[in-house]
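What the coordinates show
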Amino acid sequence: MVRSAISPHILKQLERIEPGAQFSGGLPQISSSSGKTYFAKASSPKEKEQYIGEAESLRAMALAAPGLAPSLLAFGFARSNGEETDGDAADGSPFFISEYKNMSPLTERSGAILGRRLATEMHNYVSPNGLERGFGFGVPTFCGATRLRNGWYETWEQCFDVLIGDLLSTLEGRGGYSDLCRKGQDVRLKVIPTLLGPLQIRPVLLHGDLWSGNTGTDTATGEPVIFDPSSLYGHNEADLAIGRMFGGIPKSFFEEYHKHIPKTEPVDQYELREDLYELFHYLNHTVLFGGGYASSAQRKMEKLLRVLG
């Protein structure tokens, strides 16, 4: 008898999703005898939070913008013997099954569609409890490998200040970033209250890491796809920053987006706000990769402090 390359708990879930089908392949791409393809992954108990954060992000995105991200089909935890358990079990390893999408890069057409859908669906979605709870997210999410502890905050200023503060604390703990961290604390004291304190905004659903590597065009339909989220409820403009930083997002995306959501008042501070939101990602990349990202983060800080400090 040939042993299946698919772990028992993954196979069990697939049989629930598609009864009677036969499955072949292995992680992360599994094929069904019906012709369907699934994306599946599993990890060790130490990565439970990453899986929970991604699953909760995808669930929220499915409510806000159905079909824009791959559908989450199964998520749970299993012991080494394949027995399913709950997320509190010390030996429960997370697993995850979703639709599989064949993708190519965004085009001008799919980029424009993404801009429209982000503006009219995801960035128009406030969680059922969002207005009561405020800004943030109910579980930690991960931007790359960086854990965002999240929680709920009354204002976007408070929420974003915590995000920046946690990154600075991580860098302070490593040493070698004293000047960067000192200026970062000045940004927290002088820039964040000035730019974010006066905003009159709703806490809308963000992808959280919307760069070209987490977007694509479904080759079967020509429609845009976004994936690998690090969601929270926040200021819609924060979702535009990393796409501006690293390129690969078509101009049509930004043009179409702002046809549906104008720049937040005060409009004359829009570019400064984007600099501040880009700073978050430069700091996060400094945490993840070091190198020249620290210099980029410092230049952003110096600009913001020069204009607003």
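Computed from a predicted structure; not experimentally measured. Throughout, residues of each chain are indexed from 1 in the direction in which the sequence is written. With pLDDT at 70 or above as the cut-off, local features in this predicted model cover only qualifying residues; side-chain atom pairs require 80 or more to be listed or tallied, and sums for whole chains, interfaces and linings still use all residues. The side-chain quantities take in all heavy atoms of the structure and omit both hydrogens and water.

Looking at the overall build of the protein chain
We count a stretch as a helix when DSSP gives it H or I for four or more residues in a row; a strand needs E for two or more, and each element gets its number in order from the N terminus. Along its length, the protein chain carries 10 helices and 15 strands. On C-alpha atoms alone, the protein chain measures out to a radius of gyration of 21 Å, which is about the 19 Å that the 2.2 N^0.38 rule sets for 309 residues. For the protein chain, the spread of C-alpha atoms along the principal axes amounts to about 70 × 45 × 40 Å. Across the 309 residues in the protein chain, those meeting the buried criterion constitute 51%. Two things to know: the radius of gyration comes from C-alpha atoms, and the globule rule equals 2.2 Å times the number of residues to the power 0.38. To sort residues, take the accessible area from a 1.4 Å probe on protein chains only and compare it with the maximum for the residue type: under 20% means buried, over 50% means exposed, and anything in between is partly exposed.

Some remarks on unusual backbone geometry
A cis geometry characterises the amide bond from Leu27 onward to Pro28, with omega recorded as 5°. Looking along the chain, the bond that leaves Glu265 and enters Pro266 is cis, with omega of -5°. When you line up the elements, Pro266 lands in the loop between helix 8 (251-260) and helix 9 (270-289). Positive phi is not limited to glycine here, since Asn150 has a value of about 55°. Of note, Asn150 is situated in the loop between strand 10 (146-148) and strand 11 (151-153). Despite not being glycine, Asp228 has its phi angle at roughly 50°, a positive value.

Some remarks on helix 8
Taken together, the buried positions of helix 8 are occupied by Ser252, Phe253, Phe254, Glu256, Tyr257 and His258. Next to the buried residues of helix 8 lie helix 3 (108-120), helix 7 (241-246) and helix 9. Contacts are assigned to residue pairs with any non-hydrogen atoms lying within 4.5 Å of each other.

Concerning helix 3
A helix is expected to reach a length of 1.5 Å times the quantity of its residues less one. An ideal rise of 1.5 Å per residue puts 18 Å on 13 residues; helix 3 measures up with 18 Å between its terminal C-alpha atoms. Buried residues of helix 3: Ser110, Gly111, Ala112, Ile113, Leu114, Gly115, Arg117, Leu118 and Ala119, and no others. Looking at the buried side of helix 3, the elements it contacts are strand 13 (215-218), strand 14 (224-226) and helix 8.

Some words on the pattern of salt bridges
Salt bridges are defined by distance alone: a side-chain nitrogen of Lys or Arg within 4 Å of a carboxyl oxygen of Asp or Glu. Counted by the stated rule, this structure contains 21 salt bridges. A salt bridge links Lys183 to Asp179, with the shortest nitrogen-to-oxygen separation between them at 3.5 Å. Pair noted here: Lys183 and Asp179 are both in helix 6 (residues 178-196), with a separation of 4 residues, about one helical turn. A salt bridge links Arg244 to Glu278; the shortest N-O distance between them is 3.2 Å. Taken together, the residues Arg244 in helix 7 and Glu278 in helix 9 connect sequence positions 34 residues apart.

Some words on the environment of Ala241
Relative to the assigned elements, Ala241 resides in helix 7. Taking the C-alpha atoms as reference points, Ala241 and Lys303, 62 residues apart in sequence, are found 16 Å from one another.

Structural notes on the sheet that holds strand 14
Strands qualify as paired when DSSP identifies two bridges or more between them. Read across the sheet, 3 strands follow the order 7-13-14 without closing on themselves; strand pairing throughout is antiparallel. Looking along the sheet, the strands with just one partner apiece sit at the ends: strand 7 (103-104) and strand 14. In terms of strand pairing, strand 13 meets strand 14 through 3 bridges, oriented antiparallel. Bridging from a neighbouring strand, Gly216 pairs with Val225 of strand 14.

Comments concerning the packing of aromatic side chains
Paired rings are identified among Phe, Tyr and Trp, the last through its six-membered ring, by centres lying within 6.5 Å, and are further divided according to the angle between planes into stacked (under 30 degrees), edge-to-face (over 60) and tilted (the rest). Considering all chains together, one arrives at 14 aromatic pairs under this definition. Arranged with centres 5.7 Å apart and planes meeting at 45°, the rings of Trp156 and Phe160 form a pair that is tilted. Placement of both Trp156 and Phe160 in helix 5 (residues 156-174) is noted, with a separation of 4 residues, approximately one turn of the helix. Per residue, the accessibility class of Trp156 equals that of Phe160, and both read buried. Ring centres 6.2 Å apart and planes at 45° place the aromatic pair Phe289 and Tyr293 in the tilted group. Take Phe289: its relative accessible area is 55%, and that puts it in the exposed class. In this structure Tyr293 comes out as partly exposed when scored by relative accessible area, which is 26%. Within the aromatic cluster, the residues linked to one another by ring pairs are Phe135, Trp156, Phe160, Tyr277 and Phe280.

Re the side chain of Thr264
Note that Thr264 resides in the loop between helix 8 and helix 9. Ignoring sequence-local partners within four residues, the contact set of Thr264 consists of Leu199, Ile201, His235, Asn236, Glu237 and Arg273.

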